[in-house]
Amino acid sequence: MPDVEVSDRVLTIPNALSFARLLGVPLFLWLILGPKEDGWALLVLAVSGFTDWADGQIARRMNQTTRLGQMLDPVADRLYIFATVLGLALRDIIPWWLAIALPLRDLLLTFTLPALHRRGFNALPVHFLGKSATFCLLYAFPLLLLGDGDSTLNLLARVFGWAFAIWGTALYYWAGALYFVQLRHLIQTVEPISGRPGRS
């Protein structure tokens, strides 16, 4: 498969979709915590999921892959996860230990950034396990929100939602562990920029 050309452009269709996804985060939180319009909140999540898929497709097909887009996409995913777990915890739909566990993993990973930056990297490539974890979690939380009730449909949504949540959380931490393994290999094989020959 040919290498993807990554540009420094800002004004692209995929970047516009990513910004739109980011604007949906506070809207989603307001919908589930203010008027408690769960149907509209689920629609926001559905639109977010579609734009997440669409911006990647457009970036590849129209050769609009950018460094900004590569940064915005995972940031938007994590903000949606954080906003959703916060909203669900405040609604007593999920326990607080789960709402804390997921952002805690990302907080731990931020401590790896200085080592990456010293070697000229902004982030390590996202691997399949991390994408699978995000996929599970982004399915889990809408189902758990839909499961907030006493009907048979609510019960089924809760069961499937918790299945996705448990698997997603386990994969999320497994992906984090692999990230640290990747970082250790990078530290052992790549010298800091300041230590390379010909660099000041």
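For the structure itself, consult the block above.
This section reports on the structure supplied with the text. (Residues numbered from 1 in each chain as written. Predicted model: local features only at pLDDT ≥ 70, side-chain atom pairs only at ≥ 80, totals over all residues. Heavy atoms only, no water.)

Right, let's get into the nonpolar core. In terms of nonpolar packing, the biggest core is built from 30 residues, with Ile94, Leu102 and Phe141 touching the most fellow members. For this core, the leading source of residues is helix α6 (residues 128-146), giving eight residues. Look past the residues within four positions of leucine 102 in its chain and what remains in contact with it is Ile81, Val85, Leu137, Phe141, Thr169 and Tyr172. Core analysis: the second largest hydrophobic core is formed by eight residues, Leu109, Ala115, Leu124 and Val190 among them. (Core = buried A, V, L, I, M, F, W, Y, C linked by side-chain atoms within 4.5 Å. Buried < 20%, exposed > 50% of the residue type's maximum accessible area, 1.4 Å probe, protein only. Helix = DSSP H or I, 4+ residues; strand = E, 2+ residues; numbered from the N terminus. Contact = heavy atoms within 4.5 Å.)

On to unusual backbone geometry, then. Positioned with a positive phi, lysine 36 is a non-glycine residue whose angle comes to about 55 degrees. Mapped onto the elements of the fold, lysine 36 is located in the loop between α1 (13-33) and α2 (38-61). Despite not being glycine, aspartate 92 shows a phi value in the positive range, around 60 degrees. You can see aspartate 92 is positioned in the loop between α3 (67-90) and α4 (96-110).

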